[in-house]
Amino acid sequence: MAAALWSLVLLGALCGLGRAMSREEKSKLRNQVVEMFDHAYQNYMDHAYPADELMPLTCRGRVRGLEPSRGDVDDALGKFSLTLIDTLDTLVLLNKTTEFDVAVRRVLTDVRLDNDIVVSVFETNIRVLGGLLGGHSMAVMLRDGGQHMQWYQDELLHMAKDLGLRLLPAFNTSSGLPYPRVNLKFGVRGPETRTGIETDTCTACAGTMILEFAALSRFTGDPVFEAHARRALDFLWEKRQRHSNLVGTTINIHSGEWVRRDSGVGAGIDSYYEYLLKAYILLGDDLFLQRFNIHYASIMKYISQPPLLLDVHIHKPLLPARTWMDALLAFFPGLQVLKGDIRPAIETHEMLYQVTKKHNFLPEAFTTDFRVHWAQHPLRPEFAESTYFLYKATGDPYYLEAGRTILDNLNRFARVPCGFAAMKDVRTGSHEDRMDSFFLAEMFKYLFLLFADAEDLTFDVEDYIFTTEAHLLPLSLSTAPHSSSIPSNRTEELDDSNFDWTCPNTRLLFPDPAFPRKLRDPIRSAVDKSCPRPPPYREPGMGHPPLRAQDFMANNPEHLELLRRMGVSLIHLKDGRVQLVQHATQAVSAVAAEDGVRFMQEMMELSSQQQKEQLPPRAIQIVSHPFFGRVVLTAGPAQFGLDLSKSSTGVRGFATVAEPYSGCSEITNAEYVRGHIALLQRGQCMFAEKARHIQKAGAIGGIVIDDNEGSSSDTAPLFQMAGDGRSTDDIPMPLLFLFYKEGNILLEALKEYREVEVLLSDKARDRATIFKGKPLPGSVTEGCVDEPGTEEDCLTEATTPTSFEPIGQSQASTSEPDQLTQSQQDVSSVEQDTSPAEEAQLLEDEDEEEDDGEDDGEDEDDGDGEDDGDAASPGEDGTDAHLAPPRGERDSEDREEPAGDSDSGGQQVDELLADWREDLEAFQQMEKDEL
């Protein structure tokens, strides 16, 4: 039965929907996947191993504690060569058995699991424990084949059990839900563990253990692991909201109370639903299928609004909890394929595909009208996963073309000499110095399988199930010996009417071969043309939809009456602003009170949008040898000068350092600056004054480099440069801002090469556009870069997500009266989520008076942490300040020449450039059709 659910009947008739892809084309794309994997994997092994992950822009390994902290993201790193372990079974799937043999020996020799380090239980389970078990499964399969791994004696399984025992202390709670973090050496409790004080965990974090833990139990014969994972799942099931049958996003691990009551299928919940269905497939326990189908019915009733999947409140599931979607929900169409519900899978996937084509990648979050909400893209594989499953279910070549799009975008926009770099901003094409282990563990598996035929595989992949990290566990575990004494809170009787026992025949679902295309066309049209919002929910009994924040006008009596019904009142302040306050107890009904909560949340989102989205980031692309457009630096814009978003070509020129480097007086090397892009150092005068000086010298653009050593766009909010309080209409050229790290890369390149040409633009340009009419320098293949598309991007926006929870009995929001139709200026009594989105902050350059390295008390960057985020206006002496000072202390020396010779980053950049040169020399010797 499990195999029947896993193996969907292919819809061969759908092959006629579009041009069928030839075997030669599929083979070429499959080989391209392998080449891309080799590029990523070999660069990790050459430049990063034994570190956990590769930093592809600086060509070095990411070692926790040696790099600036990225917060919770770093909890996945445990100094256990994470990427190598996560990649083991990928090597076998891609027919790299020799490399797999070497990799396993390296893991056994080099990896330690007893490090005194605090790691995420969830991430360590799915990546490291799952990677060890997947590697063990592949090693056993190869060993039993009689040709490879004959020396293997279950060593990876022994390591997996050791790691499982190190994770078990996290489950020592009254509820059975695990702590979110554990110390690999000391466990959870005790002063030396530095953990065990957390009270909350996400639903997915606690509910994504059963596959790995049950597999470990059945491989080893020790039932303790499966028992703990089942207990956690049982507790989550008991705590579901009984009316809606939905679960929240965050739960208290001790009391079982829901901390965040919003429910969806994306971040925080996603793999909980995935593991319920896959636990049934792997273990054959009907209870998991029943629970999944009860949840699934509620998802389709409340959350699914085809093609959208919108979060709702678990107690009021008809009320949307937010107006945007996150990229992690892209796995859901693939899960729907396993469920056998193909139609909504096609619809949601098509929506995701169109968003991808608009922005080249799925933004980390996007709005219901398909604009950018959070601009990052860490090379997530979920969309490729769903693409593979839909192709397996339908046989429609349309999904092969979707896979080709994924490959092309990765090569055109994410590929760098030392691997593949995450996108810091999909709007500009700027990069982030990270390549997560899941990129190698998942992305290349799904893309290889998408273009592979059965004869291309060394084993039958349908004998295995994919974990959420795409690790392979054999379905034979369902019949493996295991203890029958595993406790379970099985109190409900199985109801056959609640769920389907077998997978439906897709031929019966789609008697018309053109049916999937008919589902896709309206969605494509919606994204391309109108970007419509879903119809607002109508409150029962009111006869009209509740008021939306974007429509509100303070002078509209009808709007004021609607606010009154929702318990929202207006208070006119002495300074002319209006404060909005909500008292839920004053609403005419509970439903109206919920509408009031939503209205206030929307007001805050609009406020955040207005405050934070003044100008999007810009891109500085190094286009000269040996970079050829592959290196893109995230730059802050200026609120004056040329608007690069309105320039189709950007501004291109050779970079030169201005003298004086501060740019605060007349340029003395004007003969070198003329016709070039001038490099300047931040500080000592206004940005606009710097721009006027280099413009007078004949510069065509300027780049201001932060003088705060160590600052980086990876760790600091993006800056926007303000004017000097006077008209800046006399400055027609563009001026951009680089943090120290990115600026140092440019300075080191200039020091290494006599001429460095850069392109200033609103976003990174396709290399085919930069070098139009000429062969692409350093290109590894003639088919690697597509012709630039003519399709215009959908308008994008960068908003900051907020979490709106009532504080006591009221919520308050303050606004300027003439701007109530757009947003609120100040919001009090609210909690704001920490967002991975970049928040643009208004920056005004400051006049730094330095006296023998001592602060004179007027420098904001004194490290005291005060006044962060408060806007300071220019003083009478011409000094200006910025909203949030960069991190680190300022160099107290008065610098007139570019620094960098003595900083520790210089050597690393030299090594980076040397590595790039070696890579480019290798590229030139590769066959044009190798990719």
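A few points about the overall build of the protein chain
Then, in step 1: Regarding its fold elements, the protein chain presents 25 helices and 33 strands.
Then, in step 2: When each of the 931 residues of the protein chain is scored for burial, the buried share is 61%.
Then, in step 3: For the protein chain, long-range pairs separated by at least 24 residues make up 73% of all intrachain contacts whose partners lie at least 6 apart in sequence.
Then, in step 4: Looking at the protein chain as shown, the accessible area adds up to about 35400 Å², and 48% of this sits on carbon and sulfur atoms.

Focus on the sheet that holds strand β25 (residues 651-657)
Then, in step 1: Reading across the sheet, the seven strands line up as β24-β23-β30-β25-β26-β27-β29 and stay open at both edges, with mixed pairing between neighbours. Of all the strands in the sheet, just β24 (631-635) and β29 (735-738) have a single pairing partner and so form its edges. The average undirected angle you get between the axes of adjacent strands in this sheet is 35°.
Then, in step 2: Bridge count between strand β27 (residues 701-705) and β29: four bridges; the pairing is parallel. By the bridge assignment, V704 is partnered in β29 with F737.

Digging into the pattern of salt bridges
Then, in step 1: Under the counting rule described, the total for this entry stands at 50 salt bridges.
Then, in step 2: The salt bridge involving E364 is made with R380; its shortest N-O contact spans 2.7 Å. Of this pair, E364 sits in the loop between α13 (342-359) and β13 (365-367) while R380 sits in the loop between β14 (372-374) and α14 (382-394), and the two are 16 residues apart along the sequence.
Then, in step 3: We classify E364 as buried; its relative accessible area is 13%.
Then, in step 4: As a salt-bridge pair, D396 and R520 come within 3.1 Å of each other at their nearest N and O atoms. Here R520 lies in helix α18 (residues 515-530) and D396 lies in the loop between α14 and α15 (398-414), a separation of 124 residues in the sequence.
Then, in step 5: Three or more residues are tied together by salt bridges with common partners; here these are E53, R70, D74, E123 and R127.

A word on the pairing of strand β17 (residues 422-425)
Then, in step 1: Bridge analysis of β17 against strand β18 (residues 430-432) gives three bridges, and the strand direction is antiparallel. Its bridge partner being in β18, M423 is matched across the sheet by H431.

Observations regarding the state of the cysteines
Then, in step 1: What the rule picks out here adds up to three disulfides.
Then, in step 2: One disulfide bridge connects C59 with C418, the sulfur atoms lying 1.8 Å from each other. Its torsion about the S-S bond being 95°, the disulfide of C59 and C418 is classed as right-handed. Here C59 is found in the loop between β1 (53-55) and β2 (60-62), whereas its partner C418 is found in the loop between β15 (415-416) and β16 (419-420), with 359 residues between them in sequence.
Then, in step 3: In this structure C59 comes out as buried when scored by relative accessible area, which is 7%.
Then, in step 4: Relative accessible area serves as the criterion here: at 0%, C418 is assigned to the buried category.
Then, in step 5: Shown here is the disulfide that connects C202 with C205, its sulfur atoms set 2.1 Å apart. Judged by the sign of its S-S torsion, about 90°, the bond between C202 and C205 is right-handed.

Comments concerning the packing of aromatic side chains
Then, in step 1: By the definition in use, this model includes 26 aromatic pairs.
Then, in step 2: Here the aromatic rings of F37 and F444 are separated by 5.8 Å at their centres, their planes lie at 80°, and the arrangement is edge-to-face. Within this pair, whereas F37 is found in helix α2 (residues 23-47), its partner F444 is found in helix α16 (residues 437-451), the two being separated by 407 residues in sequence.
Then, in step 3: Since its relative accessible area comes to 0%, F444 is described here as buried.
Then, in step 4: Put simply, the rings of F37, Y41, F420, F439 and F444 touch in pairs and so form one group of aromatic residues.
Then, in step 5: Here the guanidinium or amino end of R105 rests over the ring plane of W151, the centre of that ring lying 4.1 Å away.
Then, in step 6: The positively charged end of R520 is found above the aromatic ring belonging to Y398, 3.7 Å away from the centroid.

Digging into the nonpolar core
Then, in step 1: Among the nonpolar cores identified, the biggest contains 177 residues, and F100, I210, L410 and F420 are the most heavily contacted of them.
Then, in step 2: Broken down by element, this core gets its largest block of residues, 12 residues, from helix α5 (residues 121-145).
Then, in step 3: Residues within four places of I210 in sequence aside, it is in contact with A215, E226, A229, R230, L233, Y275, A279, L283 and F288.
Then, in step 4: If you look at the next biggest cluster of nonpolar residues, it comprises 26 residues, including I620, I622, L633 and L760.

Observations regarding the confidence of the model for the protein chain
Then, in step 1: Per-residue confidence for the protein chain averages 79 on the pLDDT scale, and 72% of its residues sit at or above 70.
Then, in step 2: Low pLDDT, under 50, characterises residues 1-17; the stretch is placed with 54 contacts to residues that sit more than four places away or in other chains.
Then, in step 3: Low confidence marks residues 778-904, where pLDDT is under 50. Its contacts with residues over four positions away, or in another chain, come to 321 contacts.

Focus on the packing of helix α8 (residues 210-220) against helix α9 (residues 224-238)
Angle between the axes and distance between the axes are the two parameters that describe a pair of packed helices.
Then, in step 1: Running from amino to carboxyl end, α8 crosses α9 at an angle of 155°, the nearest separation of the two axes being 7 Å. Considering the angle they form, α8 stands roughly antiparallel to α9. Crossing hand, α8 versus α9: left-handed. Judged by residue contacts, I210, F213, A214, L216, S217 and R218 of α8 engage V224, F225, E226, A229, R230 and L233 from α9.

Here we look at the environment of Y740
Then, in step 1: Relative to the helices and strands, Y740 resides in helix α23 (residues 740-752).
Then, in step 2: By relative accessible area, Y740 is classed as buried at 11%.
Then, in step 3: Taking the C-alpha atoms as reference points, Y740 and D707, separated by 33 residues in sequence, lie 6.3 Å from one another.

Describing the pairing of strand β30 (residues 757-761)
Then, in step 1: Most of β30 is tucked away: five of the five residues are buried.
Then, in step 2: Neither face of β30 is exposed, since E757, L759 and S761 on one face and V758 and L760 on the opposite face are all buried.
Then, in step 3: Looking at chain direction, strand β23 (residues 618-622) and β30 are connected through four bridges and run antiparallel. Directly across from A619, in β30, lies its bridge partner S761.
Then, in step 4: Summarising the sheet, β25 and β30 pair through four bridges and their orientation is antiparallel. Residue R652 lies in a different strand from β30, and its bridge partner there is L759.

Focus: unusual backbone geometry
Then, in step 1: Between Y49 and the following residue, P50, the backbone shows a cis peptide bond with an omega angle of 10°.
Then, in step 2: With respect to the helices, strands and loops of the structure, P50 is situated in the loop between α2 and β1.
Then, in step 3: Cis rather than trans, the peptide bond between P306 and P307 has omega equal to 5°.
Then, in step 4: You can see P307 is positioned in the loop between β9 (304-305) and β10 (308-309).
Then, in step 5: Although it is not a glycine, K79 adopts a positive phi angle of roughly 55°.
Then, in step 6: As for its placement among the helices and strands, K79 is situated in the loop between β2 and α3 (82-93).
Then, in step 7: Residue K79 is classed as partly exposed on the basis of its relative accessible area, which comes to 46%.

Parameters and conventions
Residues numbered from 1 in each chain as written. Predicted model: local features only at pLDDT ≥ 70, side-chain atom pairs only at ≥ 80, totals over all residues. Heavy atoms only, no water. Helix = DSSP H or I, 4+ residues; strand = E, 2+ residues; numbered from the N terminus. Buried < 20%, exposed > 50% of the residue type's maximum accessible area, 1.4 Å probe, protein only. Contact = heavy atoms within 4.5 Å. Areas by Shrake-Rupley, 256 points an atom, 1.4 Å probe, with all protein chains shown as cover. Pairing = 2+ DSSP bridges. Axes fitted to C-alpha atoms, helices over the stretch in contact; angles between N-to-C directions. Salt bridge = Lys/Arg side-chain N within 4 Å of Asp/Glu carboxyl O. Disulfide = S-S within 2.5 Å. Phe/Tyr/Trp six-rings, centres within 6.5 Å; stacked < 30°, edge-to-face > 60°. Lys NZ or Arg CZ within 6 Å of the ring centre and 35° of its normal. Core = buried A, V, L, I, M, F, W, Y, C linked by side-chain atoms within 4.5 Å. pLDDT = per-residue confidence, 0-100. Parallel < 35°, antiparallel > 145°, perpendicular 65-115°, else oblique. Left-handed = near helix turned anticlockwise from the far one by under 90°.

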